Structures are given as structure tokens and as C-alpha cells.
Amino acid sequence: MLKIGILLGDDIGLEVVPEAVKVMKAASAKVGFKAAWKQLPIGRKAHESHGHTMPASTVKALTGMDGWLLGPIGHSAYPRNDPTWTNTGLRKRFDLFASIKPVKAYQGIPSLHKNVDIVFLREVTEGMQSSGVVVAGSGEFRPNDEISIGMRVVTRKGANRVAREAFEIARTRPRKKVTAVHKAPTYKLCCGMFAEECRKVAAEYPDIKLDEVLVDGFALKLVMNPQQFDMVVTTNQFGDILTDEGAAIVGGLGLAPGLCVGEHKAMSQATHGSAPDIAGKNIANPFAMIMSGKMLLEWLGRKHKQPKAVKAAKLIDAAMDKVIAEAKHLTPDLGGTATTVEMGNAVVRALRAKAPAARACA
Ligand code: NAD
């Protein structure tokens, strides 16, 4: 049985993660998918109970989990230079090398573009992101006050595994197409190696078409004509920027779910932070966390060959589409008046109302 951890995080994490778990469990029950769920301490609450924001017992428990939901962490409110108040560091600890970020436009939500359905895959363990590329230090230094130097790392292994993940996901999507975003003509070695690995992997997936687009042109096309893209794979810093641009064209932060994946484990993590300004008011939008949980079920189902988990994810997708299209139970940031819990309940009702996926497919 798959093991799924629940890490609430801080502030609105305490409100949106329970909604995601409620929806995931309801969908799982509907299709007969069974998992072992376990809540683990993290964040300020863990500091109160265990004296550390990331207790050793939590890290140890995660080692035995297949995946987990991580609520937003209120890092900026943690005291600096106190080792018991830490950033989570879970991506690095568990080698979660890619971040999957869907960008989807909904009819009922105001957005710059309609008919957009893109999945971004961003490499997150190497590239330009300074703290991510080294074991100690930051990857940046300033030898004197006039010069700053930053480092970029691309490895064949890192590029190959993120490209492979992109082609695997593309196989689950109707358009069977991957766009690799880089700038190999200019960054001949780093982007060049990334592009070479994408082409090598593409040769193993003859059913999927590979396109290559230079990053500056891609940034323009994403604003002008995003409908042409489907599955996009890119390096760390380009992905950091382009996924925010992607969220912007379909309605913003509240609609930006995410999943960090490794070889065997995955972690749901919405793009938004812990929103201390609205915490405790029951008005946080649970969309991003619910859809991050949906992505976890989809990924675990594919990796572990558990089709019922994939069916549960499809149910959540359809139920969320319905709740958004009806626009009766949306939180204030989406123009509604519903509470966090009411929106979560509406998704559960919508998925319970649908015929079970097994019967629907028959
Ligand atoms: P934020 O994303 O928490 O909030 C930015 C704005 O968006 C706020 O006005 C907030 O109310 C709103 N918002 C965010 N999520 C929302 C939701 N689900 N529903 C409705 N409105 C929402 O960014 P911030 O204010 O810069 O950061 C707050 C804290 O979160 C900081 O401590 C920061 O370090 C942390 N943070 C954590 C993560 C993470 O754990 N993944 C990511 C970003 C920021």
C-alpha cells in the first residue's frame, strides 16, 4: 500500500492542506484506491512540540513514504541563524530533482488567455540557483567589491532525468509533444548539454515530438500565443521565471499548483506562500493545494502502476472544473464569497456526484 505523508506547514497551510487531504481521500474512496496516510509535525507547530521546525523524526518518517503534501512554510517569520528554525530543505534531502507546474486557463476565471493547458517541468537541483548547486556555500562569491561571480551547473545525469520525466508525462497527454527551452547557440556548453540530453531521450520516445525553442523567443510566444505549447521542459533559472509568467497568463498565484518529483518520491507543494495576512480567516483559496494533491495521486499512480490512483486524480480534475465553471463556491480571491472549507466541500460533492471512473470508462 502506498504511504502518503501530510505536512501542514504554517499559517494558511493549516487550512488548505486539510482541504486537499479531504478531497484526495474522497476521490480515493470513490475509486477504491487505498493508501496509508500519516500526518507529521513541521513548521512553527513542530517547534512548539519538538523544539525544531523540521524534527528528525519527521525526516526519518518521510524516508519511508512514497509521497507527501507539504503546506507553505512561513520561513520569513523564522528567526535567522537559529538552527532549530530552518527552511525545509526537503527537495535537496530527497533529491526531488524536478518541479512540475501546470498552467491551465479556466472559463470562469478572468485570465489573459483562454484554452491554455501547459505543463512545465523545471529542473531544480542544478543550473544557476546558487544554493541548490553546491553542498556548502552558495555558488556565488565576490572577490572584491567590484566583481560578483555566480556559477551554473548542468550535468548529463540531471538533464537526462528531467528530460525523461517530461517525455513520460507527455505520453499521458493528448498532444504527445515536448518543447525543450534553452539557449544552446549562446550557452554552448551548459544549455548545449541540456539540449543534447533532451535529443537523446527523444530518440527513445518515437511517439513524442520534440521541439526546441530559445528561451527569449519562448518568453515572447508564451505571452502572445501560449496555446501552441503542451509539455515544456527547461533548466532551473529559466523555469523559475517562465513558470511565474505562465501563472500570470492564466490568473495568478492562487491557481498555481506544483509537484516536486524524484526518482521514487514526490512532494505536493503549491506555489503560493503561507499568506500570514489572511491566515486563520477561513478565506484562503484551497485550489492550488488540492490540485497539487491531485498531481501527487496522478504521479504515484503512474510510477507505482496503480491505475486507481490515476482515476482518483481524474475525478478531482473533473470535480474542480465543475466547481469553477459553476462559480457558486469560490473563495474571495476568485471573486466568490465561499470559505476555504466550503470550496473544499463543493469539490467533494462534485466528485461524489460523478459516476465512478471505472463505470464511466466502461
Ligand atoms: P504569499 O504567497 O504567502 O502571499 C502573497 C499574497 O497572495 C498575499 O496577499 C496572500 O494573502 C495571497 N495569497 C497567497 N496564497 C493565497 C491563497 N491560497 N488564497 C488566497 N490568497 C493567497 O507570499 P508572501 O506574503 O511573500 O510570503 C508569506 C510567507 O510565505 C513568507 O514567510 C514566505 O517566506 C513564505 N513562502 C513560502 C513558500 C513555500 O513554502 N512554498 C513560498 C513562498 C513564500
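Residues numbered from 1 in each chain as written. Predicted model: local features only at pLDDT ≥ 70, side-chain atom pairs only at ≥ 80, totals over all residues. Heavy atoms only, no water.

(A) The arrangement of the sheet that holds strand β11 (residues 259–261) in detail. Pairing is mixed across the open sheet formed by 10 strands, whose spatial order is β2-β1-β3-β12-β11-β4-β5-β10-β8-β9. The strands lining the two open edges of the sheet, one partner per strand, are β2 (35–39) and β9 (209–214). The sheet shows a mean angle of 20° between the axes of neighbouring strands, taken without regard to direction. (Pairing = 2+ DSSP bridges. Helix = DSSP H or I, 4+ residues; strand = E, 2+ residues; numbered from the N terminus. Axes fitted to C-alpha atoms, helices over the stretch in contact; angles between N-to-C directions.)

(B) Highlighting the environment of Gly43. Turning to its location among the elements, Gly43 is positioned in helix α2 (residues 43–50). Taking the C-alpha atoms as reference points, Gly43 and His75, separated by 32 residues in sequence, lie 8.6 Å from one another. In contact with Gly43, not counting residues within four places along its chain, are Asp10, His52, Thr53 and Tyr78. (Contact = heavy atoms within 4.5 Å.)

(C) Molecular detail of the pairing of strand β1 (residues 2–7). The element β1 is largely enclosed, with a buried count of 5 among its 6 residues. Relative to β2, β1 runs parallel, the two being bridged by 5 bridges. Opposite Gly5, over in β2, you have Lys38 as the bridge partner. Of the crossover connections in this fold, the one passing from β1 over helix α1 (residues 13–31) to the parallel β2 is right-handed. The pairing of β1 with strand β3 (residues 67–70) spans 4 bridges and is classified as parallel. Among the inter-strand pairings, Ile4 is bridged to a residue of β3, identified as Gly67. (Buried < 20%, exposed > 50% of the residue type's maximum accessible area, 1.4 Å probe, protein only. Right-handed = clockwise from strand over helix to strand, strands pointing away.)

(D) Region of the structure containing the domain arrangement of the protein chain. Taken domain by domain, the protein chain comprises domain 1 (1–91 + 278–362) and domain 2 (112–250). Summarising the inter-unit geometry, the C-alpha centres of domain 1 and domain 2 are found 26 Å apart. Summed over both partners, the interface of domain 1 with domain 2 buries about 360 Å², with 44% contributed by carbon and sulfur atoms. Of all residues in domain 1, Arg91, Trp299 and Arg302 bury the most surface against domain 2, accounting for 91% of the area lost on that side. At the boundary of domain 1 and domain 2, one finds 2 salt bridges. Here Glu165 ties to Lys303 by a salt bridge, and the two come within 3.8 Å at their closest N and O atoms. Ranked by the residues each element gives to the side of domain 1 that touches domain 2, the list is headed by helix α9 (residues 287–303), at 3 residues. (Domains from an automatic or database assignment. Buried area = accessible area lost by both parts, 1.4 Å probe. Salt bridge = Lys/Arg side-chain N within 4 Å of Asp/Glu carboxyl O.)

(E) Region of interest: the packing of aromatic side chains. Inspection of the entire model under this criterion finds 6 aromatic pairs. Aromatic pair Trp68 and Phe94: ring centres 5.1 Å apart, planes at 65°, arrangement edge-to-face. A residue pair is termed long-range when its members are at least 10 positions apart, and Trp68 in strand β3 and Phe94 in the loop between α4 (90–93) and β4 (98–104) qualify at 26 residues. Note on accessibility: Trp68 and Phe94 belong to one class, buried. (Phe/Tyr/Trp six-rings, centres within 6.5 Å; stacked < 30°, edge-to-face > 60°.)

(F) Layout of the confidence of the model for the protein chain. This prediction gives the protein chain a mean pLDDT of 93; 98% of its residues lie at or above 70. Segment residues 356–362: pLDDT under 50, and 4 contacts once partners within four positions in sequence are set aside and those in other chains are kept. (pLDDT = per-residue confidence, 0-100.)

(G) Spotlight on the site of the ligand. Taken together, 19 residues form the shell around the ligand, and within it Ile73, Ser76, Gly273, Ala275 and Asn285 come nearest. At a separation of 2.6 Å, an oxygen atom of the ligand approaches a polar side-chain atom of Ser76. Between the ligand and Asp277 there is a distance of 2.9 Å, counted from an oxygen atom to a side-chain nitrogen or oxygen. Expressed as a share of its isolated accessible area of 810 Å², the protein-covered part of the ligand is 68%. (Near = heavy atom within 4 Å. Polar contact = N/O pair within 3.5 Å; in protein donor to acceptor, adjacent residues only side chain to side chain. Areas by Shrake-Rupley, 256 points an atom, 1.4 Å probe, with all protein chains shown as cover.)

(H) Structural view of empty space enclosed by the protein. Inspection of every chain in the model, using the stated rule, returns 2 cavities of 30 Å³ or more. Considering only enclosed or pocket space, the largest cavity measures out at about 60 Å³ in volume. In terms of lining, the largest cavity is formed by Lys101, Pro102, Val103, Thr243, Asp244, Ala247, Ala256, Pro257 and Thr271. Sorting the residues of the lining of the largest cavity by element identifies β4 and α8 (236–250) as the ones contributing at least two each. Taken together, the residues of the lining of the largest cavity break down into 5 nonpolar, 2 polar and 2 charged. Quantified by volume, the second largest cavity comes out at close to 40 Å³. Together, Glu123, Glu126, Gly127, Val153, Val154, Ala159, Phe194, Thr235 and Asn236 line the second largest cavity. (1 Å grid on protein atoms, 1.4 Å probe; cavity = no way out; pocket = protein on both sides within 12 Å on 5 of 7 lines; lining within 4 Å. Points joined across faces, edges and corners; volume = space filled by probe spheres on them. Nonpolar A, V, L, I, M, F, W, Y, C, P; charged D, E, K, R; others polar.)

(I) Structural detail: the layout of surface pockets. Roughly 1,000 Å³ of internal volume is contained in the largest pocket. Surrounding the largest pocket, 38 residues form its lining, His75, Asn87, Thr88, Arg91 and Gln269 being those nearest its centre. Secondary structure elements with two or more residues in the lining of the largest pocket: α4, β4 and α8. Split into classes, the residues belonging to the lining of the largest pocket amount to 10 nonpolar, 20 polar and 8 charged. Split by domain, the lining of the largest pocket shows at least three residues from each of two domains, domain 1 (1–91 + 278–362) and domain 2 (112–250). Taken as a whole, the second largest pocket encloses approximately 690 Å³ of empty space. If you trace the second largest pocket, you find 26 residues lining it, with Val119, Arg173, Lys294, Glu298 and Asp317 closest to the centre. Take the lining of the second largest pocket: its biggest share by element is 7 residues, from α9.

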